[in-house]
Amino acid sequence: MTALIIFEKPKQARTVCKVFGQGVQDKKTHLVIPHNEIIGTNAIAVWAIGHLVQLSQPDAYDKKYKEWKLEHLPIIPERFTYQVIKDKEAQFNIVKKWVHDPSIRTIIHAGDPGREGSLLVDELLILYSNKKPVKRLWSTSLAPAAVAKAFGNMKDNSHYIGHVRSGMARSYSDWIIGLNLTRLMSISIMDSLEEEHKRTFKNSLFPVGRVQSALLSIIYQRQLEIEQFESIPFWDVSIEYEVDGELLKAKWYRKSKTKKDEHFYIKEQAQVMADYFRGKPVTIEAVKRENKLVRPPRFYHFDREDPHLKERYGRRPVSRWGMNRSFSPRGGVTFSSLFGTIR
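Residues numbered from 1 in each chain as written. Predicted model: local features only at pLDDT ≥ 70, side-chain atom pairs only at ≥ 80, totals over all residues. Heavy atoms only, no water.

Visitor: Account for the overall build of the protein chain, with residues named and values stated.
Guide: Per the secondary structure count, the protein chain includes 10 helices and 15 strands. Within the protein chain, the fraction of its 343 residues that count as buried is 30%. Considering only contacts within the protein chain whose residues lie at least 6 apart along the sequence, 62% involve residues at least 24 apart. Of the roughly 24000 Å² that the protein chain leaves accessible, carbon and sulfur atoms contribute 55%. (Helix = DSSP H or I, 4+ residues; strand = E, 2+ residues; numbered from the N terminus. Buried < 20%, exposed > 50% of the residue type's maximum accessible area, 1.4 Å probe, protein only. Contact = heavy atoms within 4.5 Å. Areas by Shrake-Rupley, 256 points an atom, 1.4 Å probe, with all protein chains shown as cover.)

In structure tokens:
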């Protein structure tokens, strides 16, 4: 009996499969795993590259939706269908070939633990009309011991159906909200423009989405707060005094049950308080000593990496890309991209 392990990403597949030892063969499009005690059989490992399929566009349900008209809205399919993402057809077919391979008797779903990872592999198995039993690998760690333990504790994939349904609900709602409101906004904005502006914005899209619209609103509200902010002047009162040859500084504050206020908002009040303290003797009523935890420096981030590379090793910014790419497969860099972090 041969098992098929379906991962979400190729790097994830190669990292997890290290737990099976040196006998794993990398065939570029898949991994060949010899018989082992961890899963009790031999296996083939394949992977997606993120989502390989997406919900069909409106014109797949009705050709009339190719033309954007307000009278078509809202577009809500009776039953959602999927289509393969064009530049991922080859990978879709590789996974499909192995799912249908007669030597494969059982499938191990190894998508990321969570809603999206569950949906990503399950939607493929649905489109492949899979009838073979499916077990779910659920591991939040890529450490070998954690992975081996997760393989030993696999449950039937149906145990995680709630995650899949949640992912489907999210994708359906994104489709309904995003596509309908994007068409509504784009048509409405274009209809409201003067003719000269219509030419400027011809074929322009005004997208609306679950995440980007909410984020844009937050940014807009923050900008309004900045523009409407009124600076309120305040004055602080502090004193300096010498104790055993050491200069200390103390700041006046007023503490109530609800807050601590250390500012005066009327200059004359601050001046009266300053005059009161001037020349008066200072009494230290209590000394409190405490140990403070000083955290180690944070991992390097690319936007802070260049100065250190240049100072220590004389490396130009362009040369660090090859270095980071070589570190990535060994776990030295979390992502070999612009926003990677060296750990």
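Visitor: Which residues make up the pairing of strand β1 (residues 2-7), and what are the values?
Guide: Burial within β1 is extensive, with 6 of its 6 residues counted as buried. Residues of β1 alternate between two faces, with T2, L4 and I6 on one and A3, I5 and F7 on the opposite face, all of them buried. The pairing of β1 with strand β7 (residues 104-110) spans 6 bridges and is classified as parallel. Paired with A3 across the two strands is T106, which belongs to β7. (Pairing = 2+ DSSP bridges.)

Visitor: Break down the nonpolar core for me, citing the residues and quoting the values.
Guide: Ranked by internal contacts, the top residues of the largest apolar core, which has 20 residues, are I5, F7, F20 and F151. Those elements that place two or more of their residues in this core are β1, α1 (10-16), β3 (31-33), β4 (42-47), β7 and α4 (144-152). In contact with F7, other than residues within four places in its own chain, are Q12, A13, V16, C17, A45, V46, W47, A48 and A110. Ranked by size, the runner-up nonpolar core spans 19 residues in total, among them I6, F92, W98 and L120. (Core = buried A, V, L, I, M, F, W, Y, C linked by side-chain atoms within 4.5 Å.)

Visitor: Which residues make up the packing of aromatic side chains, and what are the values?
Guide: Overall, the coordinates contain 9 aromatic pairs when judged by the stated rule. Measuring from centroid to centroid gives 4.2 Å for W252 and F264, while their planes differ by 25°, and the two rings are stacked. Here W252, found in the loop between β11 (246-251) and β12 (254-255), pairs with F264, found in the loop between β13 (260-261) and α8 (267-277); they are 12 residues apart in sequence, far enough to count as distant. W252 sits in the buried class, given a relative accessible area of 15%. (Phe/Tyr/Trp six-rings, centres within 6.5 Å; stacked < 30°, edge-to-face > 60°.)

Visitor: Before we move on, can you summarise the side chain of Q12 with the specific residues and values?
Guide: Within the secondary structure layout, Q12 lies in helix α1. The class of Q12 is buried, set by a relative accessible area of 11%. Among the polar contacts listed, one links the side chain of Q12 to the backbone nitrogen of E8, at a separation of 3.0 Å. Not counting the four nearest positions on each side in its chain, Q12 is found in contact with F7, A110, G111 and D112. (Polar contact = N/O pair within 3.5 Å; in protein donor to acceptor, adjacent residues only side chain to side chain.)

Visitor: Pulling in residues and values, what's your account of the sheet that holds strand β9 (residues 155-156)?
Guide: On the basis of which strands lie adjacent, the open sheet formed by 7 strands has the order β2-β3-β4-β1-β7-β8-β9 and mixed pairing. Unpaired on one side and paired on the other, β2 (25-26) and β9 mark the two borders of the sheet. In terms of strand pairing, β7 meets strand β8 (residues 134-136) through 3 bridges, oriented parallel. Counterpart to H109 in the pairing with β8 is R136. The strands touched by helix α3 (residues 115-127) within the sheet are β1, β7 and β8, with β7 carrying the most contacts at an inclination of about 150°. (Axes fitted to C-alpha atoms, helices over the stretch in contact; angles between N-to-C directions.)

Visitor: Hey, could you go over the pattern of salt bridges for me, with residue numbers and the actual values?
Guide: Using the criterion set out here, one finds 12 salt bridges in the structure. In this structure, K9 engages E8 in a salt bridge whose closest nitrogen and oxygen atoms are separated by 3.8 Å. Residue classification places K9 among the partly exposed positions, given a relative accessible area of 36%. In this structure E8 comes out as buried when scored by relative accessible area, which is 11%. (Salt bridge = Lys/Arg side-chain N within 4 Å of Asp/Glu carboxyl O.)

Visitor: Now, about a nonpolar patch on the surface: what can you tell me, with residues and values included?
Guide: A cluster of nonpolar side chains, I232, F234, W235, Y265 and I266, forms an exposed patch at the surface whose accessible area comes to about 500 Å². Relative to the assigned elements, W235 resides in the loop between α7 (212-228) and β10 (238-243). (Patch = residues over 30% accessible without salt bridge, like charges linked within 9 Å, V, L, I, M, F, W, Y side chains within 5 Å.)

Visitor: So what about the environment of Y253? Which residues, and what values?
Guide: With respect to the element layout, Y253 can be found in the loop between β11 and β12. Residue Y253 is classed as partly exposed on the basis of its relative accessible area, which comes to 42%.

Visitor: Tell me about the environment of R165, residues and numbers included.
Guide: Tracing the backbone through its elements, the reader meets R165 in helix α5 (residues 161-192). Using a relative accessible area of 58% as the deciding quantity, one classes R165 as exposed. As for R165 and R115, which are separated by 50 residues in sequence, their C-alpha atoms are 8.4 Å apart.

Visitor: Help me get a handle on unusual backbone geometry, residues and values and all.
Guide: In this model, L73 is joined to P74 through a cis peptide bond whose omega is -5°. With respect to the helices and strands, P74 occurs in the loop between β5 (53-55) and β6 (82-84). You will see that S129, though not glycine, has its phi angle at about 55°, which is positive. Residue S129 is classed as partly exposed on the basis of its relative accessible area, which comes to 47%. Of note, the phi angle at D244 is positive, near 50°, even though the residue is not glycine. With respect to the helices and strands, D244 occurs in the loop between β10 and β11. A residue is classified by how much of its surface remains accessible, and D244, at 81% relative accessible area, is exposed.

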